[in-house]
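# Results of the structural survey
The chain contents come next:
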Amino acid sequence: MRYLGRAIVTALLFFAGNMVCYGQNLDKTERKQLFDHNWKFFQGDTASAGSRDFNDIAWRGLDLPHDWSIEGQISPKNPTGGAGGYFPAGIGWYRKTFRAPVGWKGKKISIYFEGVYMNSEVFINGKSLGIYPYGYSSFSYDLSPFLDLNSKNVIAVRVDNSQQVNSRWYSGSGIYRHVWMMVTDAVHIAEWGVAITTPDVSSKKATVQIKTLIKNETGLPQSVVVNTRLLDANSKNAGNDQTKIELPAHSEKEVSQTIIVAYPLLWTPEKPGLYNAQIQILQNKKVVDETETMFGIRSIKFTAENGFQLNRKTIKLNGGCVHHDNGCLGAAAFDRAEERKVELLKEAGFNAVRTSHNPPSEAFLNACDRLGLMVVDESFDCWRVGKNKHDYSQYFGQWWKRDLNAMVLRDRNHPSIVMWSIGNEIVERGSAEAVETAKMLAKAIKQIDTVRPVTSAIVDNGKEWSTLDPLMAAHDVGGYNYHLWSEAADHQRVPSRMIVQTESYPKDAFANWKLVNNNNYVLGDFVWTAMDYLGESGIGRWYYSGETPGEHWEHDLFPWHGAYCGDIDLIGWRKPISHYRNLLYNNTEKLYMAVREPDLDLKEIKTTLWSVWPTWDSWTWPGFEGKDIQVEVYSKYPKVRLYLNEKLIGEKSTIEEQEYKAEFTLPYSPGRLKAVGVDHDKEIESTVLQTSGDAAKIKVIADRKEITANGQDLSYVTIEITDKNSILQPNATNRLNFKIEGPGTIAGVANADMKDTDPYVGNTHTTWHGRALLVIRSTHDAGNIKLIVSSSGLPEITLKINAIKRRKYSNSSKPLL
């Protein structure tokens, strides 16, 4: 990884992935223990499944995270409809039997769920602990009064996603994020009880303020010492502080500590330096509780005059919106899947992401911190008025504060988060009630975090845009969906307003880049979307004349079951629009060539609002010999030249006036197509597309050939069909068959065709445009995993992945000072 802070990345992954106890052998002292292993699952409902003595022997065994919807058959009969990608939903039960160590006697034991979709009811030994409606919030329950230290204990979870439709996109179903067992003494640091800010930052020194909420759940007063040490990326001491406090019985107290860090490594997207705050609670020089919190030292400032400033430097947000699914894995939030998502966004040139329209997983935010991706953390898709019959609006009145607090308290220490978003395209946005709700939500956030600004995504309500000014004024930053074109008039009317375009059409990349680049009060643009996703079926589609016309909301478009509006497709391939956007905002690539898909005889290609013309990095168009084809060249060079089989086709200007783009029309002829960037009549850089021959070979490319044998780690394997010279055959639609030998399983299979209804869980899939993807998941055993890929008429190919055991971290629980 080229990003700074690799040492602390390794330490963090070590801590998060290995300082945990798997299975039923729970540790008597470990504060946070992963509780994902060895659950039982049943899809359906049974009234007595919450009881302790229920017989679950026939249920399926599995490890979390788990999404049962992605395992099902895509069908127009499923009640989720086009919004949910036509996937199944329903009700499911999870059960886990475990023994509580004797050492837990007198401890505070809680179970922490990072996310369950949705309406989860949790039972311990037959006792219902409560129902949590929102599928994207993290929550916990105290188990201490109900644990049996002399016998087996049973956690049961009923998940109810049967009330459809409740989401406008694919939600998934089940315990799709991690579950943890939390073990503390009666005197301990509260859940989400650490708040770290950096109120004064310069290159020479930084003030780090740590506020820690300490709870005394005993009946006696307690005297404790709060011992805090900051470690830099090399695990060297960067500062420390000790504070002694007195805690009355059954009380809590917030302790504020200030530590000065000399010559800090500042957090930026280019160099995302991280620090580790180790906080211990000592009684009689003995550690009774300790936590570790990763944070970054950085300053943020927002003004209409200078825009968004990170560490006193103005930065434009080149952002993309993403939903929470992980393609063929569904909603399952494996750490590696979330990390890969961030890697793909960074490689595509994005420096910011909007978590539309819900709080993301903790693993996703951890990856944003480590890799340097700024975040707009969003809470809700609706408030009091719903968009679907069974959506969050029916819970908002009772649950909004708990869910909003859960997001802000959980996420506030992430340096990657630069803004909070309280909503998206709220239905009642034109009403006075909406203004009051926005003020209420913003006030609740400010009670926890006074540093980051609050925004929400506001869309035209069919009236004069200025009628939404009162709603805009309830936010620190005005969030515009598809309305950046009005920025000049808006700035004249409200000069103090800061604007960020929270959603935009992919086809408007250049126009939006220019508005962002030329106006200080415009902070940035977030395209809808950065990545293709499941659900909201057909958005971003293109079609041929004679097929069902119109936008995705106007018709049932099955077999479309996902969105094709992303810069990055479902398996991770960057579409040409991604390269064009990156070329506009960054200096990492200056030349790219793609070919516009030609119309068929008597059939014309039609685009929709969120689509761009289907464009491919291919010069293989059989059947179009002699017919005109359009070639696009994106360039930051003053001019480009195009050659076909070494013959010059033409030269064109590609300066800003031409939107850094040139189009050439030429009769198709197989061979070698070359685009060259030209500066002062000198050819500087070239890119080539070569016509492919017939499919002859299978090529496999693993993103990682060594993974951890922990039942959680993943290797993403891209499969390509090539000709005999290893050139991608972009028209190949081969049926692939997969076989795994050794300690691994197939977690998912896919191509990028949102009309292909092959299951995402299985051992076979077709290629689309010559590509497919397979995801290998480790088991708990070490060894060599062997993947065998075959296709009729082609030689089979094998790939080896090494799954290794990593030693577990040993926490000594000794005082830090």
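Here, residues in each chain are numbered from 1, in the same order as that chain's written sequence. Note on the predicted model: pLDDT of at least 70 is required for a residue's local features to be given, and 80 or more for side-chain atom pairs to be given and counted; whole-chain, interface and lining totals, by contrast, use all residues. Side-chain figures throughout are based on the complete set of non-hydrogen atoms in the structure, without hydrogens or water.

## Focus: the overall build of the protein chain
Across its full length, the protein chain carries nine helices and 49 strands. Radius of gyration means the value over C-alpha atoms here, while the globule rule gives 2.2 Å times the residue count to the 0.38 power. On C-alpha atoms alone, the protein chain measures out to a radius of gyration of 27 Å, which is about the 28 Å that the 2.2 N^0.38 rule sets for 817 residues. Projected onto the principal axes, the alpha-carbon positions of the protein chain cover approximately 90 × 65 × 50 Å. When each of the 817 residues of the protein chain is scored for burial, the buried share is 62%. Any two residues whose heavy atoms approach within 4.5 Å are treated as being in contact. Partitioning the intrachain contacts of the protein chain with sequence separation of at least 6 by distance along the chain shows that 71% fall at a separation of at least 24. Accessible surface computed for the protein chain: about 31300 Å², of which carbon and sulfur atoms make up 48%. Each helix is a run of DSSP H or I of at least 4 residues and each strand a run of E of at least 2, with the numbering of both proceeding from the N terminus. The rule is simple: take the accessible area with a 1.4 Å probe, protein chains only, and divide by the maximum for that residue type; under 20% is buried, over 50% is exposed, in between is partly exposed. Residue exposure ignores everything except the shown protein chains as possible cover, and the areas themselves are Shrake-Rupley values with a 1.4 Å probe.

## What to know about the packing of helix α4 (residues 393-411) against helix α5 (residues 432-446)
For helices, the fitted line uses only the C-alpha atoms of the stretch in contact; every axis is such a line through C-alpha atoms, and the angle between N-to-C directions lies from 0 to 180 degrees. Running from N to C, α4 and α5 cross one another at 35°; their axes reach a closest spacing of 10 Å. For α4 against α5, the interelement crossing comes out right-handed. Of the residues in α5, those touching α4 at F396, W400, L404 and V408 are T437, M440, L441, A444 and I445. By residue class, the composition of the contact of α4 with α5 is eight nonpolar, one polar and no charged. Two helices crossing with the near one rotated counterclockwise from the far one by less than a right angle form a left-handed crossing, whereas a clockwise rotation gives a right-handed crossing. In the scheme used here, Gly and all other residues not listed as nonpolar or charged are polar, with Ala, Val, Leu, Ile, Met, Phe, Trp, Tyr, Cys and Pro taken as nonpolar and Asp, Glu, Lys and Arg as charged.

## Some thoughts on the pattern of salt bridges
The term salt bridge refers to a pairing of a side-chain nitrogen on Lys or Arg with a carboxyl oxygen on Asp or Glu at a separation within 4 Å. Taken as a whole and assessed by the stated rule, the structure comprises 46 salt bridges. The salt bridge involving E71 is made with R60; its shortest N-O contact spans 2.9 Å. Here the residue E71 occupies a position in the loop between β3 (60-62) and β4 (90-99), and R60 occupies one in strand β3, the gap between them amounting to 11 residues. Assessed through its relative accessible area of 38%, R60 is described here as partly exposed. In this structure, the salt-bridge partner of D449 is R452, at a minimum N-O distance of 2.8 Å. Using a relative accessible area of 6% as the deciding quantity, one classes R452 as buried. Connected through salt bridges with shared partners, the residues R336, E339, E343, R370 and D703 form a single ionic network.

## Some details on the sheet that holds strand β34 (residues 615-616)
Note on sheets: strands pair through backbone hydrogen bonds, and any given pair is parallel or antiparallel. In this scheme, strands are said to pair when DSSP sees at least two bridges between them. Pairing in this open sheet of four strands is antiparallel, and the strands run β34-β32-β35-β38 from one edge to the other. Pairing within the sheet leaves two strands with one partner each, and these edge strands are β34 and β38 (661-667). Pairing between strand β32 (residues 591-596) and β34: two bridges, direction antiparallel. Within β34, the position partnered with V595 by the bridge is W616.

## Here we look at the state of the cysteines
Two cysteine sulfur atoms make up a disulfide if the distance between them is within 2.5 Å. Summed over the entire model, instances satisfying the criterion amount to zero disulfides. You can see C321 has no disulfide; the closest cysteine sulfur is in C565, sitting 9.4 Å from it.

## Focus: α4
Think of an α-helix as turning once every 3.6 residues; residues three or four places apart then point the same way. The first and last C-alpha atoms of α4 sit only 23 Å apart over 19 residues, clearly below the 27 Å expected at 1.5 Å per residue. Along α4, the largest kink reaches about 80° and is centred on W399. Within α4 the residues assigned to the buried category are S393, Y395, F396, W399, W400, D403, L404, A406, M407, V408, R410 and D411. Expected helix span is given by 1.5 Å per residue-to-residue step, counting one fewer step than there are residues. Each residue is assigned a bend, namely the angle between axes fitted to the seven residues that terminate at it and the seven residues that start at it.

## Overview of the sheet that holds strand β7 (residues 127-132)
Taken in spatial order, the six strands make up an open sheet running β3-β2-β4-β9-β6-β7, and their pairing is antiparallel. Each edge of the sheet is formed by a strand with only one pairing partner; in this case those strands are β3 and β7. Strand after strand, the sheet turns through a mean of 25° between neighbouring axes, direction not considered. The pairing of strand β6 (residues 120-124) with strand β9 (residues 152-161) spans five bridges and is antiparallel. Paired with I124 across the strands is I155, a residue of β9.

## A closer look at the nonpolar core
One broad rule of soluble globular proteins: the nonpolar side chains tend to lie buried together. Residue types Ala, Val, Leu, Ile, Met, Phe, Trp, Tyr and Cys, when buried and joined through side-chain atoms within 4.5 Å, form a set referred to as a nonpolar core. Of all hydrophobic cores here, the largest spans 183 residues; its most connected members are W39, Y94, I175, F308, W619 and L673. Excluding residues within four positions of it along the chain, W619 makes contact with V595, I629, V631, L644, L666, Y668, S669, P670, G671, L673, L689 and T691. Counting residues in hydrophobic clusters, the runner-up holds 26 residues, among them V226, A238, I245 and L266.

## Some points on the packing of aromatic side chains
Two rings from Phe, Tyr or Trp (for Trp, the six-membered ring) form a pair when their centres sit within 6.5 Å of each other. Planes less than 30 degrees apart are called stacked, planes more than 60 degrees apart edge-to-face, and all others tilted. Here the structure, examined in full by the defined rule, presents 42 aromatic pairs. Centroid distance Y86 to F558: 5.1 Å. Interplanar angle 80°. Geometry classified as edge-to-face. Taken together, the positions of Y86 in the loop between β3 and β4 and F558 in the loop between β30 (542-544) and β31 (562-563) put the pair 472 residues apart, joining distant regions of the chain. Here Y86 falls in the buried class, since its relative accessible area comes to 2%.

## Brief notes about the pairing of β9
Counted residue by residue, β9 has nine buried out of 10 residues, so it is predominantly covered. For β4 and β9, the ladder comprises 10 bridges, and the chain directions are antiparallel. Looking at the pairing, K96 lines up with I155 of β9.

## Focus: helix α2 (residues 335-347)
Along its 13 residues, α2 runs 18 Å from first to last C-alpha, staying within 8% of the 18 Å computed at 1.5 Å per residue. For α2, the buried fraction is high: 10 of the 13 residues fall into the buried class. For α2, the set of buried residues is R336, A337, E338, E339, R340, K341, V342, L344, L345 and K346. Two residues or fewer after α2 comes G349, characterised by a positive phi angle close to 95°.

## With respect to the confidence of the model for the protein chain
The predicted model of the protein chain has a mean per-residue pLDDT of 95, with 95% of residues at 70 or higher. Residue range residues 1-24 is modelled with pLDDT below 50. Its contacts to residues more than four positions away, or to other chains, number 64 contacts. A score between 0 and 100, pLDDT records how confident the predictor is in each residue.

## Remarks on the packing of α2 against helix α3 (residues 362-371)
At a minimum axis distance of 8 Å, the contact between α2 and α3 shows a crossing angle of 40°. As the angle between them shows, α2 and α3 are arranged oblique. Where α2 crosses over α3, the two elements pack in a sense that is right-handed. Across the interface between the two elements, D335, E338, E339, K341, V342, E343 and K346 from α2 touch A363, F364, A367, C368, R370 and L371 from α3. Of the residues assigned to the contact of α2 with α3, the class counts are six nonpolar, no polar and seven charged. When describing relative orientation, an angle under 35 degrees is termed roughly parallel and one over 145 degrees roughly antiparallel, while 65 to 115 degrees is termed roughly perpendicular and anything else oblique.

## Topic: the pairing of strand β27 (residues 499-504)
Of all the six residues making up β27, six are buried; the element is thus mostly covered by neighbouring parts of the structure. Pairing analysis gives four bridges linking strand β26 (residues 478-481) to β27, with the strands arranged parallel. By the bridge assignment for β27, G478 is matched with I499. Regarding the hand of the β-α-β motif, the stretch spanning β26, helix α7 (residues 487-493) and β27 is right-handed. A right-handed crossover is one whose linking path, passing over the helix from the first strand to the second, runs clockwise when the strands point away from the viewer. The parallel pair β27 and strand β28 (residues 522-527) is bridged by helix α8 (residues 509-518), and the resulting crossover is right-handed.

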